[in-house]
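Topology and contacts: notes
Next come the chains, spelled out residue by residue.
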Amino acid sequence: GQEKKVIWIYGAPFSGKTTFANAFPDPLMLNTDGNVKVVSGIDAPVIPIKDEVTVEGRLTKRKLAYEVFTEAVDELEKKQNTFKTIVVDLLEDVYEGCRVFICDRQGWKHESDDSFRAWDMVRSEFLNTLKRLLNLDYENIVLISHEDRTRDLTRKGGDKISSIKPNLQDKVANKVAGMVDLVARIVADDNERVLSFKASEVIFGGGRLTVHNKEIPLDYAAFCEVYEEANQKATKKPAEAPGAEPQVNTPPT
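Only a predicted model underlies this, so the values are computations on that prediction, with no experimental measurement involved.

Reading the values: rules and limits
Residues numbered from 1 in each chain as written. Predicted model: local features only at pLDDT ≥ 70, side-chain atom pairs only at ≥ 80, totals over all residues. Heavy atoms only, no water. Pairing = 2+ DSSP bridges. Helix = DSSP H or I, 4+ residues; strand = E, 2+ residues; numbered from the N terminus. Core = buried A, V, L, I, M, F, W, Y, C linked by side-chain atoms within 4.5 Å. Buried < 20%, exposed > 50% of the residue type's maximum accessible area, 1.4 Å probe, protein only. Polar contact = N/O pair within 3.5 Å; in protein donor to acceptor, adjacent residues only side chain to side chain. Contact = heavy atoms within 4.5 Å. Axes fitted to C-alpha atoms, helices over the stretch in contact; angles between N-to-C directions. Parallel < 35°, antiparallel > 145°, perpendicular 65-115°, else oblique. Left-handed = near helix turned anticlockwise from the far one by under 90°. Nonpolar A, V, L, I, M, F, W, Y, C, P; charged D, E, K, R; others polar. Phe/Tyr/Trp six-rings, centres within 6.5 Å; stacked < 30°, edge-to-face > 60°. Lys NZ or Arg CZ within 6 Å of the ring centre and 35° of its normal.

**Here we look at the pairing of strand S11 (residues 182-189)**
Pairing geometry for strand S1 (residues 5-11) and S11, over five bridges, is parallel. Among the inter-strand pairings, Ile-7 is bridged to a residue of S11, identified as Leu-182. As judged from the five bridges shared by S11 and strand S12 (residues 192-196), these two strands associate in the antiparallel manner. Opposite Val-187, over in S12, you have Val-194 as the bridge partner. If you look at the hairpin formed by S11 and S12, you'll find two residues sitting between the two strands, and Asp-190 has a positive phi there, around 50 degrees.

**Topic: the nonpolar core**
Counting residues in hydrophobic clusters, the biggest one holds 48 residues, and the most contacted among them are Trp-8, Leu-30, Leu-91, Phe-126, Leu-133, Leu-143 and Val-176. In terms of residue count, helix H4 (residues 115-134) provides more of this core than any other element does, eight residues in total. Among the nonpolar cores identified, the runner-up in size contains 27 residues, and Ile-7, Ala-44, Val-142 and Phe-197 belong to it.

**Digging into the side chain of Glu-147**
Mapped onto the elements, Glu-147 comes out in strand S7 (residues 140-148). Residue classification places Glu-147 among the buried residues on the basis of a relative accessible area of 12%. Among the polar contacts listed, one links the side chain of Glu-147 to the side chain of Arg-185, at a separation of 2.9 Å. Ignoring any residue separated from it by four or fewer positions in sequence, one finds Glu-147 in contact with Tyr-10, Gly-11, Ala-12, Ile-164, Lys-165, Pro-166, Asn-167, Arg-185 and Ile-186.

**Some points on the packing of helix H2 (residues 65-77) against H4**
At a closest axis distance of 10 Å, the pairing of H2 and H4 adopts a crossing angle of 30 degrees. Overall, the two elements H2 and H4 adopt an arrangement that is roughly parallel. Like other packed secondary-structure pairs, H2 and H4 cross with a definite hand, here left-handed. Across from Tyr-66, Phe-69, Thr-70, Val-73, Asp-74 and Glu-77 in H2, the residues of H4 making contact are Glu-125, Phe-126, Thr-129, Arg-132 and Leu-133. The class makeup of the residues in the contact of H2 with H4 is five nonpolar, two polar and four charged.

**A closer look at the packing of aromatic side chains**
Overall, the coordinates contain ten aromatic pairs when judged by the stated rule. Both rings, one in Phe-20 and one in Phe-24, keep their centres 5.4 Å apart while their planes meet at 85 degrees; by these two values the pair is edge-to-face. Each member of the pair, Phe-20 as well as Phe-24, is classed as buried. The rings of Phe-20, Phe-24, Tyr-220, Phe-223 and Tyr-227 are connected pair by pair, giving a single aromatic cluster. Here the guanidinium or amino end of Lys-5 rests over the ring plane of Tyr-227, the centre of that ring lying 5.4 Å away. It is Lys-79 that lies over the ring of Tyr-138; its NZ or CZ is 4.1 Å from the centre.

Everything listed is a geometric property; what it means functionally is a separate question.
Structure (structure tokens):
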């Protein structure tokens, strides 16, 4: 059968993440930020992941975005559809929605009301639902995040460089990276857009499969090739695949 691909891509806004995801076969977009309408050429059906407000008589009911998301996962589990690819765009908004949902459920104004327990609850609720999503029986699951470059790291020499990572709390980001096959970053340079698998002390990467230091055109067919290659390496017997030392690229300062 078809090997299921689970990937997490991140990049700057408008770098082509949504367009790339739309190139996968028969996609359904679970979209949080409404920007799918803005991106031209997106023909995939979209489920907006946002608060739904309904008014019945004098009663205003609000269904939180996170509940809309979990109900979408419930529906998708039934497999009564012809989608082959499920896209979550943007993952960090779902996490934020989960935070709001847990605070609302616990009657907290903010997590700091019961901070240690709160973070824990939000994290485990989010990761449980994400696990359900990633276990769905579809050919491709694509998670999308914006990149965050606001954090400075101080290198041993004392110089500061900003780290490049998905816009998600570190603890959560590391967990998500462990749940997917590949983490890739979209780098948009003038008109050229590449999918980069370069990870280093400052560039976040990960996944179950290893792709060493590759940059490929931002193209679905090119991605499938790299995925296939990485997957074949991973399924070989350890004896045949000598462990290559990952190369660390320290960006020039």
